There are 2 protein chains.
Amino acid sequence: MEDIFEEYAAMVRERLYRMFPEEKLPQGEVSDAARYSLSAGGKRVRPLLTLAFCAMCGGKPEKAVDAACAVEYMHTFSLIHDDMPCMDNDDLRRGKPSCHKAFGETAALLAGDLLAILPFETIAASRDISPAAAVKCVNALSHYCGVYGMIGGQQIDTQKAGEELPGELLLSMYSMKTSALLKAACLCGVYCAEPGEYEQKYEQAAAEYAENLGLAFQIIDDILDVTSSPEVLGKAVGNDADNDKHTYVRTYGLEAAKEAAARYTDKAVSALEAFGESEDVKRFTLALLGRNN
Amino acid sequence: MEDIFEEYAAMVRERLYRMFPEEKLPQGEVSDAARYSLSAGGKRVRPLLTLAFCAMCGGKPEKAVDAACAVEYMHTFSLIHDDMPCMDNDDLRRGKPSCHKAFGETAALLAGDLLAILPFETIAASRDISPAAAVKCVNALSHYCGVYGMIGGQQIDTQKAGEELPGELLLSMYSMKTSALLKAACLCGVYCAEPGEYEQKYEQAAAEYAENLGLAFQIIDDILDVTSSPEVLGKAVGNDADNDKHTYVRTYGLEAAKEAAARYTDKAVSALEAFGESEDVKRFTLALLGRNN
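Note that the coordinates shown come from a computational prediction; the quantities given were computed from them, not determined experimentally.

Peer 1: Describe the relation of the copies chain A and chain B, and please don't skip the residues or the numbers.
Peer 2: The two copies are related by a screw operation: chain A maps onto chain B through 180° of rotation and 0.0 Å of translation along the axis, at an RMSD of 0.0 Å. Here the symmetry operator amounts to a two-fold rotation axis. Both copies contact each other with a shared surface, as 100% of the interface residues of chain A are interface residues in chain B too.

What follows is the structure in structure tokens.
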């Protein structure tokens, strides 16, 4: 039953590099850097969720492929800039040199900028998305990536580095840094399906799912940073402590972190009940969060 | 007659900071950095053109204020990132410390990112712009700021630094770096006016105007870098030579540069003939390019 997500993954893969053909023109180092970070891949969780939510809302997933690629471009932009020396200063990303290590800071800065703007062209120029749905997708994506979302979370993270962060602020930082883009991903799926009278109900359920998935996601990431190895994780471990970063583990301890991760996972899964057929997404979510039960 | 542009400037000023209130929340250093660079001001050429083109196409300029602000956010993003050490490494911008000098590299990177994404929320969430027009504005802005526009121009500029740049490539770099965003600014004005059957004709004239304005603009900038002073210019001079940058003056000499600037200025002005009442914009354009005749 996992294979529906393999179909989704194939649909995204097929469209994702359209803007970055191997043969260059007018591309160059910056496009190569963007392509490099895009192809470093990862699980493609966000675009898969865009397609899955479109399907759960009764839409053809094909209608949401451009929106799904847009979400993945945005995610990749955030990774490239987050790794840069003036941010988290990570040399490794998914087991490969991070973008600025492979292409230099100038190309990484511009590749990130490129991938922050491309999502909006991808949605606005899409033949699959109606103008009404496109405006909603653009609005959700830009809003949840801005000062009230992803970038606002980065701001808290970088500003508070060093000083003690109260638990509440830590959670709202996680919500902004991680849940926000997941919200945009799921909402784009809802909007591309154009479910009419059900749209508001689906919007709320998608936001509830994404909020809790993001928190579980982030807390599990904190846990792995202290319990895993570079080989398993594909990136350096112990980084959080080295960079004096705020983590759930550091604030509440490992056991409390594991309990919280399980609690948010359950909440995310229950939010799926608002949708008709959600078994695939439920299974995908549990597998994603390391709960193969 | 210049005062219509003063009215336009007031309309932009009134709306431009809406997203960056003095009282913080959830803002912080990053929003302050964005506000700082936004308020450094400059002539607001791009947003004024958005309003002027909306008016020239028979639309109420009020309908285009959000789109005008979006264009200015995008322009400010490009200035912040262009000044950073891994780019042009400019310490001064409009007579004030550049963003990364005043707020540090981390805040400058995130403030730029914020201002690259905010334009799309500003357009998509606008009450003044119809969904059909909003999609066209988003498409134009994202396209002309991407790899085929502003960022593509940056890519050529940074890649070719040092080596000799053929004159043709220099001009296409100027077109991408400078004309492209001006095109987006003028086109957003056209789309917000929703001129129906005339849209295509106005699109072409707006693109022709912006293309030539951008080239004249950039060449005059090259000329001022060798003939002006920091006091007059509000930024360091001689920077281009110091950074071994490609300029029209360096490639063709000062006299040829002056002739080219005049030629492109004339072309820009003639493109305005496609519009009914264009006297104000013609006068604005000539004043802007230092030709007060």
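Having seen the model, we can carry on.
Peer 1: Could you give me a rundown of the confidence of the model for chain A, with the residues and numbers involved?
Peer 2: In the predicted model, chain A carries a mean pLDDT of 90, and 91% of its residues have values of at least 70. As a predicted assembly, this complex carries a pTM of 0.94 together with an ipTM value of 0.93.

Peer 1: Please provide a residue-by-residue account of the interface of chain A and chain B, values included.
Peer 2: Residue-level contacts link 41 residues of chain A with 41 residues of chain B. Carbon and sulfur atoms make up 72% of the surface buried where chain A meets chain B, a total of about 3,800 Å² over both sides. Counting every contact that joins chain A to chain B gives 0 salt bridges. Those elements giving two or more residues to the side of chain A that touches chain B turn out to be helix H2 (29-39), helix H4 (65-83), helix H6 (105-124), helix H7 (131-145) and helix H8 (150-160) of chain A. Top contributing element to the side of chain A that touches chain B by residue count: H6 of chain A, with 11 residues. Tallied by class, residues from the side of chain A that touches chain B come to 24 nonpolar, 13 polar and 4 charged.

Peer 1: Report on the nonpolar core, specifying residues and quantitative values.
Peer 2: Grouped together as the largest cluster of nonpolar side chains are 205 residues, with contacts concentrated most on Phe53, Leu141 and Tyr209 of chain A together with Phe53, Leu141 and Tyr209 of chain B. For Leu141 of chain A, the residues in contact, after removing those within four places along its chain, are Ala70, Val71, Met74, Pro119, Phe120, Ile123, Leu181 and Ala184 of chain A.

Peer 1: So what's going on with the packing of helix H1 (residues 3-16) of chain A against helix H3 (residues 45-56) of chain A? Which residues, and what values?
Peer 2: All names here are of chain A. Interaxial distance between H1 and H3 falls to 9 Å at its minimum, and their mutual angle equals 115°. The chirality of how H1 crosses H3 is right-handed. Along its contact with H1, which presents Phe5, Tyr8, Ala9, Met11 and Val12, the element H3 presents Pro47, Leu48, Leu51, Ala52 and Ala55. Looking at the contact of H1 with H3, its residues break down into 10 nonpolar, no polar and no charged.

Calculation notes
Residues numbered from 1 in each chain as written. Chains lettered and ligands numbered in written order. Predicted model: local features only at pLDDT ≥ 70, side-chain atom pairs only at ≥ 80, totals over all residues. Heavy atoms only, no water. Least-squares fit on C-alpha atoms with pLDDT ≥ 70 in both. Contact = heavy atoms within 4.5 Å. pLDDT = per-residue confidence, 0-100. Buried area = accessible area lost by both parts, 1.4 Å probe. Salt bridge = Lys/Arg side-chain N within 4 Å of Asp/Glu carboxyl O. Helix = DSSP H or I, 4+ residues; strand = E, 2+ residues; numbered from the N terminus. Nonpolar A, V, L, I, M, F, W, Y, C, P; charged D, E, K, R; others polar. Core = buried A, V, L, I, M, F, W, Y, C linked by side-chain atoms within 4.5 Å. Buried < 20%, exposed > 50% of the residue type's maximum accessible area, 1.4 Å probe, protein only. Axes fitted to C-alpha atoms, helices over the stretch in contact; angles between N-to-C directions. Left-handed = near helix turned anticlockwise from the far one by under 90°.

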